[in-house]
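Descriptive analysis of the structure
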Amino acid sequence: STKWYGVATNPSKGPMVAEFDCPADAWFFKGASNDALMPYSILMEIGLQTSGILTSWVKAPLTMPGKNILFRNLDATAKLLRHVDLRGKTITNTSVCTGYSMLGDMGIHRFKCTLAVDGSPFYEVDTSFGWFVPEVFEKQVGLDGGKKRDVWHKQPENAAAVAATPVVTFVLPGDENAIFDAATSSGGLPAQHALRRRSPQVQFLDGVTLAVGGGMHGQGYAHGFKNVDKKDWFFSCHFWCDPVMPGSLGIEAMHESLELYCVHSGLARGVSRPQFNHDLGACRWKYRGQLTPKNDRMDLEVHVKSVKRDGPAVVVVADGFLYVDQLRVYSATDLRIRIEPGSSDMPAATLAAAAISCKDESGLRTALLDTDKDVVVGTGHGQTAVVHGVPVSSLGEGSAEFMALYGTKYPLYTGAMAKGIASADLVVAGGKAGMLCSFGAGGLPPDATSAGLDKIQAALPNGPYAVNLIHSPFDDVLEQKNVEMFLKRGVRIVEASAFMKLTPHVVRYRVAGLERGSDGKVVCRNKIIFKVSRTELATLAMRSPPADMVAKLLAQGLVTAEQAELAKSVTMCDDVAVEADSGGHTDNRPMHVLLPIILATRDAIAKETGMRVRVGAGGGVGSPEASLAAFQMGADFIVTGTINQMCKQSGSCDRVRKALSEATYSDIAMAPAADMFDQGVQLQVLKKGTMFPSRAKKLWELFIAYPSLEAIPAQMMERLEKQTFKKTVAQIWAETRSFFIDRIGDPEKIERAERDPKLKMSLVFRWYLGQSSMWANRGVEDRALDYQVWCGPAIGSFNEFIKGTYLDPAVSGEFPDVVQANLQLLRGARFVLRCNEIKADPALRSAVPEAALRAYRPDKAL
């Protein structure tokens, strides 16, 4: 019978089993970056080559017209199931035909193959091959219907994104040393590593262009190119009289460029003796053309789509494309690279001798608390395991970049608590320790902010420090004057908070700091960390400054024409701090809900614009576990707030500190906010020991119920003046007039209020709301029941964390130091991460006593 396309055998059915004895010293192991790594192209070929034999066995070639036909891989989905050291192993390939069909003069053959070692599968491939007549390739059309195109960084529509991203080109192999040397000198690559390919036979590029944060996903970009050499070894190693670069080597070239990007961008930072491995999971590729000796040039591009910590390792996932003479012919989705700790250089006997016995509970815990260093644990019977160090720069994907940009030692900053609670003394203490702290300028009159800056800039002439710019919808002049002050005094880092929309003032601050560097790239002198709790504002902060606002600033002479043009190629901020359930202004959003949403928003915007900001997390960060949870969910840095008000350097008083030190997570309430009183905005405050929440809520009820102060019943007004205000409304109004006219310089506000009784009532009520926080800061004894103390639930977890330790005021007799409080959170987070590594390893989990992994508590000053 010849019913199957003219042949007697059904080409859509048939199995085949093949074996490959993999030499331990094979050339591809020796050429890869470490002895145990099989290049991905070799893994592909072991999986795919059997299909070439099986297709002939089931007579698929006989269905084709003519004799001079070509066999090509078209596409595949491959999945790495587990890691196996393949050196010296026999790899069994079981391949099965899953379908065959004819499309005109083309035959499509589908296969499924499974690779196994010792009977256990480790790699699966579902793939399609095609049989073609040669004429098909004479005018190949590629992936874009025959249209030629430039690579990503040369496409005009990506010019703005490229301009905002440092793009560096290296010629290979000559500049390869420069890539590795620069990474080592910057701290992005440990001196001991196995990340460099060792043989020209597994190197396929003549040059690379690398852009940290670039690409179509906004998370990183690598471009590689090769001038075609007709004598390249792989042409003659393809099918007989069919010289083609195997598609697998195109994928391998993508891996090579991605590896160089990882080194260049410092992704190996914090990984002990880093080495490359393939990450578990699926990868897909599609071929719609080929590269032959007749071609002149190969280009490829790799777009990083995610970089994630996986315990002590880093996983990088990317998409790629390959071009032949500007025709895009390959695509690859979810290329997966893993940067993981390598094995120790010490011999096994030496390693065992240096190991800490799992039975040595005290010694093991002491070693684990030295979080920067690896710990070799003896698990018994001469066996050892390594618990890897966790450098602080490795906690978040963007932690190292955050630290580098702001010149800090830690992926953390202390958020601004308004009205000087985040005091100049607190900022100076943190800055001298290499910790970024934000000065609480919000709500302060300009002269007080200026005095605080005097102290900060004298003590920290080179930083690091930040200053809070709080949105003032009802005091626009105050926001304007603060920006003018920051520009005049050279404040280079601003923490923008409580914004509901972008204002001309914050846009002016950003754009007025733009200039073009000597290398032609855009330089952002004025850096912004935007605190957000809603996706609407996050979206605005992650995009370029609004063109209409920039145009108005240009027309007013507040920015230059060059700055207005450069604004198109930068984002409004450098970092977004996601503010969850925090003290003060808050939407009470849970971090585990809000942070992933804003991270997804960031990634979508980066994919669209090519510009990507970092994202941090704050609100509820009062323990090592909460700190680590933020990093594990994707935060690049963390923000602390409430816990710092309890510290001795804060601008609060000891009575407030004591109340905070005794508070639990439930001792909080919501109350009207002074700066946004008219809009009904509330903030989170301490309710224990104060009547402020109930009294403030009563003022809001009166504001809603009555059109003016005069309309409030006399008996109610008398009670307010006697019990709440302890002053007459006339006295309060006199103070309010003086404040706005003399200190703020905004007489227009008073003029409007004297014409608008509702505004006047608002200002009088806001006097109480504003004074209540001042009374708390200054410790005014006779107003203790009116103290307004901004506080979030994190205070409860922090008090539990420090209970009975040197940071506990009940033990030490003094309130905590702000630097120590925050360092202990970071150290604890790293300790918890090490404990999690032990618990994830069956051998260690069963051997290490639980007592060695007990909850972290601050045992001594760091």
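Structural notes, computed from the coordinates. Keep in mind the model is a prediction, meaning the values are calculated, not measured.

1. Re the sheet that holds strand β29 (residues 682–686)
What the three strands build is an open sheet, ordered β25-β29-β28; its pairing is antiparallel. Across the chains shown, the open sheet's two edge strands, defined by having one partner strand only, are β25 (584–585) and β28 (668–672).

2. Points about the layout of surface pockets
Counted as a void, the second largest pocket has a volume near 1400 Å³. As for the second largest pocket, its lining consists of 48 residues, of which P166, V212, E401, L405 and R614 are closest to the centre. At the level of elements, α7 (247–264), β11 (297–310), α10 (399–406) and β22 (522–524) are the ones that each hand at least two residues to the lining of the second largest pocket. A total of six residues in the lining of the second largest pocket trace back to one element, the largest contributor, which is α10.

3. Brief notes about the environment of I456
In this structure, I456 sits in helix α12 (residues 446–459). With relative accessibility at 0%, the residue I456 sits in the buried group. Sequence separation between I456 and V427 is 29 residues; the distance between their C-alpha atoms is 7.1 Å. Other than its neighbours up to four places away in sequence, I456 contacts A424, V427, V428, F439 and Y465.

4. A word on the pattern of salt bridges
Taken as a whole, this structure holds 46 salt bridges when the rule is applied. Between K531 and E495 there is a salt bridge, with its nearest N and O atoms 3.2 Å apart. Of the two residues, K531 is situated in strand β23 (residues 527–532) and E495 in strand β20 (residues 493–497); the sequence distance between them amounts to 36 residues. Each of the two residues, K531 as well as E495, counts as buried.

5. Notes on unusual backbone geometry
The omega torsion across L172 and P173 is 5°, close enough to zero to call that bond cis. For P173, the position within the fold is in the loop between β6 (167–171) and α5 (176–185). The amide bond that connects G463 to the next residue, P464, takes the cis arrangement and shows omega of 0°. Tracing the backbone through its elements, the reader meets P464 in the loop between α12 and β19 (466–470). Residues other than glycine seldom take positive phi values, yet K59 does so here, at roughly 70°. Examined against the element boundaries, K59 turns out to sit in the loop between α2 (40–57) and β2 (70–80). Backbone geometry places N588, a non-glycine residue, at a positive phi of 60°. With respect to the helices and strands, the residue N588 is situated in the loop between β25 and α18 (591–609). Judged by relative accessible area, N588 falls into the partly exposed class, the value being 32%.

Calculation criteria
Residues numbered from 1 in each chain as written. Predicted model: local features only at pLDDT ≥ 70, side-chain atom pairs only at ≥ 80, totals over all residues. Heavy atoms only, no water. Pairing = 2+ DSSP bridges. Helix = DSSP H or I, 4+ residues; strand = E, 2+ residues; numbered from the N terminus. 1 Å grid on protein atoms, 1.4 Å probe; cavity = no way out; pocket = protein on both sides within 12 Å on 5 of 7 lines; lining within 4 Å. Points joined across faces, edges and corners; volume = space filled by probe spheres on them. Buried < 20%, exposed > 50% of the residue type's maximum accessible area, 1.4 Å probe, protein only. Contact = heavy atoms within 4.5 Å. Salt bridge = Lys/Arg side-chain N within 4 Å of Asp/Glu carboxyl O.

Purely geometric stuff here, so don't read any function into it on its own.
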